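# Close look at the chain arrangement
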Amino acid sequence: SSRQQLISVFHSEKDCTTKQKLQVGSVVVPEGMTVHGQLTEEGPLRRRYWANPARESVWMTTKEHGREVASSLPPQLREWGKFGESCEKLSLAQIKALPEGSFIVLRQGRSYAELFGDVDVETFVSHFWGHETMEMEKALVAHSTQEGNRGPDQAYWICLFANRQHRVELGDSL
C-alpha cells in the first residue's frame, strides 16, 4: 500500500521524516518531508488554506526555497472547503493505525532565517513564548546600540526564526 511505502522511508520510529524521495501514485514525495498531521472533515486547523484552490499564491516561500507543489491531488481533495488539519503531529504508531484512504499532511518547511541566505551571526538569542514580542524588540534594539555592536546591521540568531518550526531538531539529549 502507499502507506507502507511512505513508512518504509521514514528515518525512524521517532522521526517521521522521509529519508529519500518516493513516488506514491501520481505524487512525488521529496526527501525531507515530515508528517505534520492528518487531513479530515473534522480537522479544525487551516480550513481556509485547504479551501483555497490557488493556495500556492499565499505562500511566502517559492521553488527557490525548496517549495514543491504536488502535481495532482486526489479527487476527494478537490472538494475545497471540506477538509481541515488535525491538531497534532502524528506518531508512527498513529500513522499505522489510520484507516486506509486517510490523507496525511507532509511539510518540509523553511525557517524564516533561511529566506535570507547566509548571514554572519554575532549574537544568540533564545525566545521565550511567555515574553511579549515588543519587549523582545526593545531588548534587541538596546543591545544593538551598545558599544561594540553594529546598530541596525547587528545580526542575531533567534531560535524562533532560525529553527524550522515544522521539524525542530533538538537531538537525542532532550
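Presented here is a report on the structure given in the accompanying data block. Because the structure is predicted, anything quoted here is derived from the model rather than measured.

### Digging into the overall build of the chain
Each helix and strand in the chain was counted, giving five helices and seven strands. The helix and strand sequence of the chain, counted from the amino end, reads α-β-β-β-α-β-α-β-β-α-β-α. Within the chain, buried positions represent 31% of all 174 residues.

### As for helix α4 (residues 133–144)
Helix length check: α4 (twelve residues) gives 17 Å between terminal C-alpha atoms against 16 Å at 1.5 Å per residue, within 8%. Within α4, the full set of buried residues consists of Met 136, Leu 140 and Ser 144. Down the axis of α4, the buried side of the element spans an arc of 65 degrees, and every buried residue falls inside it. Facing away from the buried side of α4 by over 90 degrees, the exposed positions are Met 134 and Lys 138. Of the surrounding elements, those touching the buried residues of α4 are β6 (123–125), β7 (156–158) and α5 (159–162).

### Quick word on the packing of aromatic side chains
To describe a pair of aromatic rings, you give the distance between the ring centres and the angle between the ring planes. The tally for this structure, following the rule as stated, stands at two aromatic pairs. Between Phe 124 and Trp 157, the ring centres sit 5.0 Å apart and the planes meet at 20 degrees, which makes this aromatic pair stacked. Of this pair, Phe 124 sits in strand β6 while Trp 157 is found in strand β7, placing the two residues 33 residues apart along the sequence. Under the relative-accessibility criterion, Trp 157 is labelled partly exposed at 31%.

### Some words on a nonpolar patch on the surface
On the surface, Tyr 112, Phe 116, Val 119, Val 121, Phe 124, Trp 157 and Phe 161 cluster together into a nonpolar patch covering about 720 Å² of accessible area. Inspection of the secondary structure puts Val 119 in the loop between β5 (103–107) and β6.

### Overview of the pairing of strand β3 (residues 34–40)
Taken across its seven residues, β3 has seven buried, putting it largely inside the fold. Here β3 runs beside strand β4 (residues 84–85); their pairing, made up of two bridges, is antiparallel. When the sheet's bridge partners are listed, Thr 40 is paired in β4 with Gly 84.

The rules behind the values
- Sequence positions are assigned chain by chain, starting from 1 and proceeding in written order.
- Residues qualify for local features only when their pLDDT is at least 70, as the model is predicted, and side-chain atom pairs are given and counted only at 80 or more; totals for whole chains, interfaces and linings, by contrast, use all residues.
- The basis for the side-chain values is all heavy atoms of the structure; hydrogens and waters are excluded.
- Each helix corresponds to a stretch of at least 4 residues labelled H or I by DSSP, and each strand to a stretch of at least 2 residues labelled E; elements are numbered beginning at the N terminus.
- Using a 1.4 Å probe on the protein chains alone, a residue whose accessible area is under 20% of its type maximum counts as buried, one over 50% counts as exposed, and one in between counts as partly exposed.
- Each residue after the first adds 1.5 Å to the expected span of a helix.
- Regarding the arc, it is the one traced by the directions from the helix axis to the C-beta atoms.
- Pairs of residues are marked as contacts when any of their non-hydrogen atoms sit within 4.5 Å.
- Any two of the Phe, Tyr and Trp rings considered here, Trp counted by its six-membered ring, make a pair once their centres fall within 6.5 Å; the pair's planes then place it as stacked at under 30 degrees, edge-to-face at over 60, or tilted in between.
- Within this analysis, patches are made of residues with over 30% relative accessible area and no salt bridge. Like charges are joined at 9 Å or less; nonpolar side chains (Val, Leu, Ile, Met, Phe, Trp, Tyr) at 5 Å or less.
- In this description, accessible areas are obtained by the Shrake-Rupley approach with a 1.4 Å probe, and a residue is regarded as covered only by the protein chains that are shown.
- The rule for a salt bridge is simple: a side-chain nitrogen of Lys or Arg has to be within 4 Å of a carboxyl oxygen of Asp or Glu.
- Note on pairing: two strands pair once DSSP finds at least 2 bridges between them.

In short, geometric facts, not functional conclusions.
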